[in-house]
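This is what each chain is made of:
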Amino acid sequence: MEGADKNVRSRLMRLPAVDEILKSGEGRGWLSLYPRRYVLKAVRDGLEALRRQIIKGGEPPCDPASVSAGIESLIKEYVAPSLRGAINATGVVLHTNLGRAPLPGAALENVIRIAKGYSNLEYDIAKGQRGKRHAHLRRLITDITGAGDATVVNNNAAAVMLALSTLARGRQVIVSRGELVEIGGSFRIPDVMAQSGAVLMEVGTTNKTHLRDYERAIGPDTALILKVHQSNYRITGFTSEVSVEELVALGARYRLPVMYDLGSGCLFDLRARGIGAEPVVSEVVQTGVDLVTFSGDKLLGGPQAGIAAGKTEVIGKMNENPLARALRIDKMTLAALEAVFFAYADPEKAAGEIPVLRMLLEKPETICERAGRLASATRTGADVSVEVVADSSEAGGGSLPGVKLATFAVSIRSGRLTPNRIEEGLRLGSPPIIARIKEDMLLLDARTIADEEVPAVAARLSELLA
Ligand SMILES: *Cc1c(COP(=O)(O)O)cnc(C)c1O
């Protein structure tokens, strides 16, 4: 017993001191490359881990090279950015957890151009006086949507909140029970309504709401009729919902404003390419609805933002609401969004330039060809099968619910590794590759893998499956 204690003590004594490590050639090298606080933390944590192992009776390698290697890997862990790029091999184009829409090049260039210096963010250059930040996007958005005016806030949840607070604070908002949706990331219409100070007046039933249900609910306290896009789900079977046209007519009879939370808000007519049944925003505006709200980073394919487009008077009141100040967008978002809206001035150009549209519209042959390149660049051991298989992918992000897009994926089966192990190996690599599992196959959907990412995915697969 005593001998063992002595052994432990002598091992502990032989560990270098913190100062000694910092003064060594390696220590000085780290200090010249990394912030002192992280080098110091890594040295202390590295030594502490060795001490704990020795006390437990372990014999960790304590030669200088092994000690340094351990510390260096800790430093790298401590200085690595938390926000990292990832490869989306799920096929879900608008993956909220993976950052929704990748931005087009023109948007990135505009962000750099504006963010690296000063700008006329809130400055009217012609008049030489204070200007308004929402003025920059007004013309583009009104041109493209046909609305009288428009304003932009942080996200669509904020746009809905601002609209309800402006139009219905302390008063009633009529909504169909079939539209009281929850969107991933805890956006729930009833909760947003409560936060905005508006009072929810539910009408109809989950599967059926009629115009007379809305009409019966109208009273002296009614401030707004709200329609909400069902976004991420579909009610099928014995159903009926009231169209926006009918609600606009009802609103006109009772002099009540009508708002439509479109969720995704589509500016490119995907129906013309055989995808979904989503009307474009300008069609919705044409119904005479007072206000529509939609996201910047769903089908639009831009940065996180919430766009409110509608009658001049309504938008004017929203801009004057003190809440607008708290929900305002920053110059980087504004720069990105201006470039994205500009792309929509020519829809064909938008389809080619905006990654979200390009991925949604990509021909199955092109996806198949990319999957083929990935499969043939992957080198594996004998007990592994790598095949290109037909499958389907989805838009995601609460957009185009129920729409299946024909796609091709690389399917991996290994005699040695379970699909879960391969999934984990891909996820924990650098960059992380996010794949999906279907039945007992690991699938990498080539729809959302960029051409330039194919070699990195093939290399990582080959490493895991060798
Ligand atoms: C997605 C969605 C929202 C929330 O939009 P964010 O931009 O994510 O804040 C609100 N309403 C509907 C109907 C949606 O689909």
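Rules used throughout
- Residues numbered from 1 in each chain as written.
- Predicted model: local features only at pLDDT ≥ 70, side-chain atom pairs only at ≥ 80, totals over all residues.
- Heavy atoms only, no water.
- Helix = DSSP H or I, 4+ residues; strand = E, 2+ residues; numbered from the N terminus.
- Buried < 20%, exposed > 50% of the residue type's maximum accessible area, 1.4 Å probe, protein only.
- Contact = heavy atoms within 4.5 Å.
- Areas by Shrake-Rupley, 256 points an atom, 1.4 Å probe, with all protein chains shown as cover.
- Lys, Arg positive; Asp, Glu negative; His and termini not counted.
- Charge placed at Lys NZ, Arg CZ, Asp CG, Glu CD.
- Near = heavy atom within 4 Å.
- Polar contact = N/O pair within 3.5 Å; in protein donor to acceptor, adjacent residues only side chain to side chain.
- Domains from an automatic or database assignment.
- Salt bridge = Lys/Arg side-chain N within 4 Å of Asp/Glu carboxyl O.
- Pairing = 2+ DSSP bridges.
- Axes fitted to C-alpha atoms, helices over the stretch in contact; angles between N-to-C directions.
- Core = buried A, V, L, I, M, F, W, Y, C linked by side-chain atoms within 4.5 Å.
- Phe/Tyr/Trp six-rings, centres within 6.5 Å; stacked < 30°, edge-to-face > 60°.
- Lys NZ or Arg CZ within 6 Å of the ring centre and 35° of its normal.

## Notes on the overall build of the protein
Counting its secondary structure elements, the protein contains 20 helices and 17 strands. Reported as C-alpha extents along the three principal axes, the dimensions of the protein are approximately 95 × 55 × 50 Å. Across the 466 residues in the protein, those meeting the buried criterion constitute 48%. Once local pairs closer than 6 in sequence are excluded, the contacts in the protein between residues at least 24 apart make up 74%. Counting only carbon and sulfur atoms, one obtains 52% of the accessible surface of the protein, whose full area is about 23100 Å². For the protein, the separation between the mean place of its 58 positive charges and that of its 55 negative charges on side chains is 5 Å.

## Overview of the site of the ligand
The local shell around the ligand holds 13 residues, among which Ala-157, Ser-231, Asp-261, Ser-295 and Lys-298 are the closest. Within the backbone of Ala-157, one N or O atom sits 2.9 Å away from an oxygen atom of the ligand. Ser-295 places a polar side-chain atom, nitrogen or oxygen, 2.6 Å from an oxygen atom of the ligand. Here the ligand has 390 Å² of accessible area as a free molecule, and 94% of this is covered by the chains. Put simply, the parts of the chain that give the shell around the ligand at least two residues each are α8 (156–168) and β10 (258–263).

## Describing the domain arrangement of the protein
Domain parsing of the protein yields domain 1 (2–79), domain 2 (87–95 + 360–465) and domain 3 (105–353). Taken over C-alpha atoms, the centre of domain 1 sits 56 Å from the centre of domain 3.

## Some words on the pattern of salt bridges
All chains considered together, the criterion is met by 32 salt bridges. The residue Glu-122 makes a salt bridge to Arg-328 at a minimum N-O spacing of 3.5 Å. In this pair, Glu-122 is assigned in the loop between α6 (105–115) and β2 (123–124) and Arg-328 in the loop between α14 (323–326) and α15 (331–343), connecting sequence segments 206 residues apart. Judged by its relative accessible area of 24%, Glu-122 is partly exposed. Here Arg-328 falls in the partly exposed class, since its relative accessible area comes to 31%. With a closest N to O distance of 2.9 Å, Asp-445 and Arg-436 form a salt bridge. Residue classification places Asp-445 among the buried positions, given a relative accessible area of 0%. Overlapping salt bridges bring together Glu-362, Glu-369, Arg-370, Arg-373 and Asp-451 as one network.

## Concerning the sheet that holds strand β16 (residues 436–438)
Pairing is antiparallel in the open sheet, where four strands are placed in the order β13-β14-β17-β16. A strand with exactly one partner marks an edge of an open sheet, and here the two such strands are β13 (384–393) and β16. When strand polarity is set aside, the average angle formed by the axes of neighbouring strands in this sheet is 40 degrees. With four bridges connecting them, strand β14 (residues 405–414) and strand β17 (residues 441–445) associate as antiparallel partners. Residue pairing in the sheet places Ile-412 in a bridge with Leu-442 of β17. Here helix α18 (residues 364–377) sits on the sheet in contact with β13, β14 and β17, set at roughly 15 degrees to β14. Of the strands in this sheet, β14, β16 and β17 touch helix α19 (residues 419–427), which is tilted by about 35 degrees from β17.

## A look at the sheet that holds strand β5 (residues 172–176)
One open sheet holds the seven strands; their spatial order is β4-β12-β11-β10-β9-β5-β8, and the pairing between them is mixed. Sheet topology places β4 (149–153) and β8 (199–203) at the edges, where each strand pairs with a single neighbour. Strand-to-strand twist in this sheet, taken as the mean axis angle between neighbours without regard to direction, amounts to 25 degrees. The sheet contacts of helix α9 (residues 189–196) involve β5, β8, β9 (222–228) and β10, and relative to β8 the element is tilted by about 145 degrees. Sitting on the sheet, helix α13 (residues 312–320) touches β4, β11 (291–295) and β12 (306–310), and the angle it makes with β4 is about 30 degrees.

## Quick word on the nonpolar core
Side chains of nonpolar character tend, in soluble globular proteins, to be buried together. Ranked by internal contacts, the top residues of the largest apolar core, which has 66 residues, are Leu-270, Val-292, Leu-300, Phe-341 and Tyr-344. Here the element with the most residues in this core is α15; it accounts for eight residues. Built from parts of two domains, this core gets at least three residues from each of domain 2 (87–95 + 360–465) and domain 3 (105–353). Once you skip the residues sitting within four places of it in the chain, Val-292 turns out to touch Tyr-260, Leu-262, Val-281, Val-284, Val-285, Ile-307, Ala-308 and Ala-309.

## Regarding the side chain of His-229
Its location among the elements puts His-229 in the loop between β9 and α11 (244–254). With a relative accessible area of 9%, His-229 lands in the buried category. Apart from the residues within four sequence positions on either side, His-229 is in contact with Val-181, Arg-234, Tyr-260, Asp-261, Leu-262, Gly-263 and Glu-278.

## Digging into the packing of aromatic side chains
One pass over the structure, following the stated rule, counts zero aromatic pairs. Sitting over the face of the ring of Tyr-260, Lys-227 holds its NZ or CZ atom 5.7 Å from the ring centroid.

## Digging into the side chain of Arg-11
On the secondary structure map, Arg-11 appears in helix α1 (residues 2–14). In contact with Arg-11, other than residues within four places in its own chain, are Ile-54, Gly-58 and Glu-59.

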